[in-house]
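Notes for the structure review
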Amino acid sequence: MPQINFQISWPDGSEQTCYSPSLIVKEYFEPDVEYALDEFVESARTALNIASDRVKAKYGFPCGLAIGQLQDIEARASEYQNLENPQVKFIRFIE
C-alpha cells in the first residue's frame, strides 16, 4: 500500500510530521490551507480510519500506526480547544 507523511502546523506554530498508510489523506487535505481545529481533527479522523480500514481489508488487521497517529492528533488538538478560533495549517505532503 502506498503510504504518505504530511506536515502540519498547530495553532501555537509548532510543526508536526504525521503518517498515513494510505494516500486517502490527499482527498481530505490541501497543502498551504488553514483548517479550523475541529474541522482538521474530524477530517483526520475520517481519513485515518479509512486508511486503517484499507490496511485491515488487505492484511486482516487494522493499522496500529494510523490509529496511534489519530490518537496523537486528538490529544494534541485538545491542548488548543480553549483558544479563540484555533487553526491548523496543512503545510505539505511528504512523498
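Described below are features of the structure shown in this document. Since this is a predicted model, take the numbers as computed values, not measurements.

Looking at the sheet that holds strand 1 (residues 4-9)
- Taken together, the four strands give an open sheet; going across it, the order is 2-1-4-3, and neighbouring strands pair in antiparallel fashion. Strand pairing shows two members of the sheet lacking a second neighbour, strand 2 (15-20) and strand 3 (33-36), which therefore form its edges. On average, adjacent strands in this sheet sit at an angle of 35° to one another, irrespective of strand direction.
- Across four bridges, strand 3 lies against strand 4 (residues 87-94) in antiparallel orientation. Considered in strand 4, the bridge of A36 is made with Q87.

Conventions and cut-offs
Throughout this document, residue positions are counted from 1 along each chain, in the order its sequence is written. Since the coordinates come from a predicted model, pLDDT governs what is reported: local features require at least 70, and pairs of side-chain atoms require 80 or more to be given and counted, while whole-chain, interface and lining totals use all residues. Heavy atoms throughout the structure, all of them, feed into the side-chain values; hydrogens and water do not. Strands pair, by our definition, only if DSSP identifies at least two bridges between them. A helix here means a DSSP run of H or I that spans at least four residues, while a strand means a run of E at least two residues long, and both kinds are numbered starting from the N terminus. Structural elements are reduced to axes, namely lines fitted to C-alpha atoms, with helices fitted over the stretch in contact, and the angle between N-to-C directions of any two is expressed from 0 to 180 degrees.

By themselves, these figures tell us nothing about what the structure is for.
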